Amino acid sequence: MATTQVSKALLVRLEALPGKEDDVRDFLNQGLSIVDGEPKTVRWFAIQFGPASFGIFDAFPDDDGRQAHLSGEVAKALGEKTGELFEEPVIEQLDVVAEKQPA
């Protein structure tokens, strides 16, 4: 099966509120099941930068896929949990310059 090449990405940074680190980790794990239903979200990673710093990196074949994701269920869930689990997310829209395709 051919792997879809990506050209657009998002980096979302989340700072957990004090004592909410495990809840943020759980929230991110639940996000995986949501993006499984988004055919144009072809790469998705929940990441941890430090003790209370988390993030999401996801990539898309085109800007339509990225915009669909930004208006989808994960974005809605981020909005609902802002102030409860984490501070206001910082969302960066990126262009993918090069990638190594999964095997």
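Preceding this section is the structure that the text describes.
Every chain is numbered on its own, with residues counted from 1 as its sequence reads. Since the coordinates come from a predicted model, pLDDT governs what is reported: local features require at least 70, and pairs of side-chain atoms require 80 or more to be given and counted, while whole-chain, interface and lining totals use all residues. Where side-chain values are given, they derive from all heavy atoms of the structure, hydrogens and water being excluded.

### Things to note about the overall build of the protein chain
Step number 1: Only runs of H or I of at least four residues qualify as helices and only runs of E of at least two qualify as strands under DSSP, and these elements are numbered from the N terminus. Across its full length, the protein chain carries three helices and four strands.
Step number 2: Element order for the protein chain, N to C, with α for helix and β for strand: β-α-β-β-α-α-β.
Step number 3: All radius of gyration figures rest on C-alpha atoms, and the globule criterion is 2.2 Å times the number of residues raised to 0.38. Relative to its length of 103 residues, the protein chain is compact, with a C-alpha radius of gyration of 14 Å against a globular reference of 13 Å.
Step number 4: Working definition: with a 1.4 Å probe on protein chains only, accessible area under 20% of the residue-type maximum means buried, over 50% means exposed, and in between means partly exposed. Split into buried and exposed, the 103 residues of the protein chain put 33% on the buried side.

### Quick word on the packing of aromatic side chains
Step number 1: Pairing of aromatic side chains here covers Phe, Tyr and the six-membered ring of Trp, requires ring centres within 6.5 Å, and sorts the geometry by plane angle: under 30 degrees stacked, over 60 edge-to-face, intermediate tilted. Scanning the model with the defined rule gives two aromatic pairs in all.
Step number 2: Ring centres of F27 and F86 lie 5.6 Å apart, and the angle between their planes is 55°; on these two criteria the pair is classed as tilted. Here F86 lies in the loop between α3 (73–81) and β4 (90–95) and F27 lies in helix α1 (residues 21–35), a separation of 59 residues in the sequence. Judged on exposure class, the residue F27 and its partner F86 are both buried.
Step number 3: Look at F45 and F57: their rings are 6.3 Å apart centre to centre, the planes differ by 35°, and that puts the pair in the tilted class. Highlighted residues: F45 in strand β2 (residues 43–48) and F57 in strand β3 (residues 53–60), separated in sequence by 12 residues.
Step number 4: Working rule: Lys NZ or Arg CZ, within 6 Å of ring centre, within 35 degrees of ring normal, means a charge sits over the ring. In this structure, R13 is placed above the aromatic ring of F49, and the distance from its NZ or CZ to the ring centre is 4.1 Å.

### Examining the sheet that holds strand β1 (residues 8–15)
Within a sheet, each strand pairs with its neighbour through backbone hydrogen bonds, oriented either parallel or antiparallel.
Step number 1: Here, strands pair whenever DSSP counts at least two bridges between them. Ordered in space as β2-β3-β1-β4, the four strands form an open sheet in which the pairing is antiparallel. Since the sheet does not close on itself, it has two edges, and those belong to β2 and β4, each with one partner. Each neighbouring strand pair of the sheet contributes to a mean axis angle of 15°, computed without reference to strand direction.
Step number 2: As paired elements, β1 and β4 share six bridges and run antiparallel to each other. Note on β4: the bridge partner recorded for L11 is E92.
Step number 3: Contacts are residue-level and defined by heavy atoms, with any inter-residue pair within 4.5 Å sufficient. Think of each axis as a best-fit line through the C-alpha atoms, taken over the contacting stretch in the case of a helix, with angles from 0 to 180 degrees between the N-to-C directions. In the packing of α1 onto the sheet, contacts are made with β1, β2 and β3, and the angle to β2 comes to roughly 175°.

### With respect to the pairing of β2
Step number 1: As paired elements, β2 and β3 share six bridges and run antiparallel to each other. Counterpart to Q48 in the pairing with β3 is F54.
Step number 2: As consecutive antiparallel partners, β2 and β3 are separated by four residues.

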